[in-house]
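Inside the fold
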Amino acid sequence: MIQIKSWRDAEQEAFSIRKRVFIQEQGVPEEMELDEHDLTAQHALAYMGSQCIGTARLVSLPGNIGRIGRMAVLPNYRRRGIGRQLLSTLLKLSKSHGITQLELHSQLSAIPFYEQSGFTGHGDIYDEAGIAHRDMILFI
């Protein structure tokens, strides 16, 4: 089950997952994990029973542009379609808010995942928090 929440309601569960995946597993510096977009983003949280097992966020930008980010699923729940459910929920949410273009910063290993939903790579590969990334775009 996926729920959409404000940061105020999502913070504890979302940050717990992001800390486990990004900071502990991938070595992202903790000071980079939280940013000013968390307060205004809409956060999708995935639940199995009462346990929160995944998170992602949608940030609305000027010009009917949205940015999907901070997508993370706990290790024991990967490869079960949870990420796909989170992304699908945020795509529907984007459409309902009049967003016509979505962008995201994909880790290179996740590019095929996003391509399956229609995102295409844009620009050069770059380093973000010590991890190789590439921008991706989807027109909806």
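Look above for the structure.
This write-up is about the structure you can find in this document. It should be emphasised that the depicted structure is a prediction, and the values quoted were computed from it without experimental measurement.

This next bit is on helix α1 (residues 7–25). For α1, with 19 residues, the first-to-last C-alpha span of 23 Å runs short of the 27 Å given by 1.5 Å per residue. At Glu13, α1 shows its maximal kink, close to 40°. The complete set of buried residues in α1 reads Trp7, Ala10, Ala14, Phe15, Ile17, Arg18, Val21, Phe22 and Ile23. A positive phi of about 80° marks Gly27, the residue just after α1.

On to the pairing of strand β4 (residues 65–73), then. Burial analysis of β4 places seven of its nine residues in the buried class, the great majority of the element. In the sheet, strand β3 (residues 51–61) pairs with β4 via seven bridges, with the strands oriented antiparallel. Among the inter-strand pairings, Arg57 is bridged to a residue of β4, identified as Gly69. The hairpin formed by β3 and β4 contains three residues between the paired strands, and Gly63 there has a positive phi angle of roughly 80°. Where β4 and strand β5 (residues 101–107) come together, three bridges link them in parallel fashion. Bridge pairing links Ile65 to Gln101 in β5. This β-α-β element, β4 to helix α3 (residues 82–96) to β5, shows right-handed connectivity.

Bringing the side chain of Thr55 into the picture now. Along the polypeptide, Thr55 turns up in strand β3. A distance of 3.4 Å separates the side chain of Thr55 from the backbone oxygen of Ala44, its partner in a polar contact.

Right, let's talk about the environment of Val73 for a bit. Inspection of the secondary structure assignment puts Val73 in strand β4. Spatially, the C-alpha atom of Val73 lies 19 Å from that of Leu93, the residues being 20 residues apart in sequence. Leaving out residues up to four positions away in the same chain, Val73 has contacts with Val21, Ile53, Gly54, Arg78, Ile82, Gly83 and Leu86.

Looking now at α3. Taking 1.5 Å as the rise per residue, α3 with 15 residues should run 21 Å; its terminal C-alpha atoms sit 21 Å apart, in good agreement. All of the buried residues along α3 are Ile82, Gly83, Leu86, Leu87, Leu90, Leu91, Leu93 and Ser94. Positive phi appears at Gly98, one or two residues downstream of α3, with a value of about 75°.

Parameters at a glance
Residues numbered from 1 in each chain as written. Predicted model: local features only at pLDDT ≥ 70, side-chain atom pairs only at ≥ 80, totals over all residues. Heavy atoms only, no water. Helix = DSSP H or I, 4+ residues; strand = E, 2+ residues; numbered from the N terminus. Expected span 1.5 Å × (residues − 1). Bend = angle between axes of the 7 residues up to and from the residue. Buried < 20%, exposed > 50% of the residue type's maximum accessible area, 1.4 Å probe, protein only. Pairing = 2+ DSSP bridges. Right-handed = clockwise from strand over helix to strand, strands pointing away. Polar contact = N/O pair within 3.5 Å; in protein donor to acceptor, adjacent residues only side chain to side chain. Contact = heavy atoms within 4.5 Å.

Nothing here speaks to function; it is all geometry.
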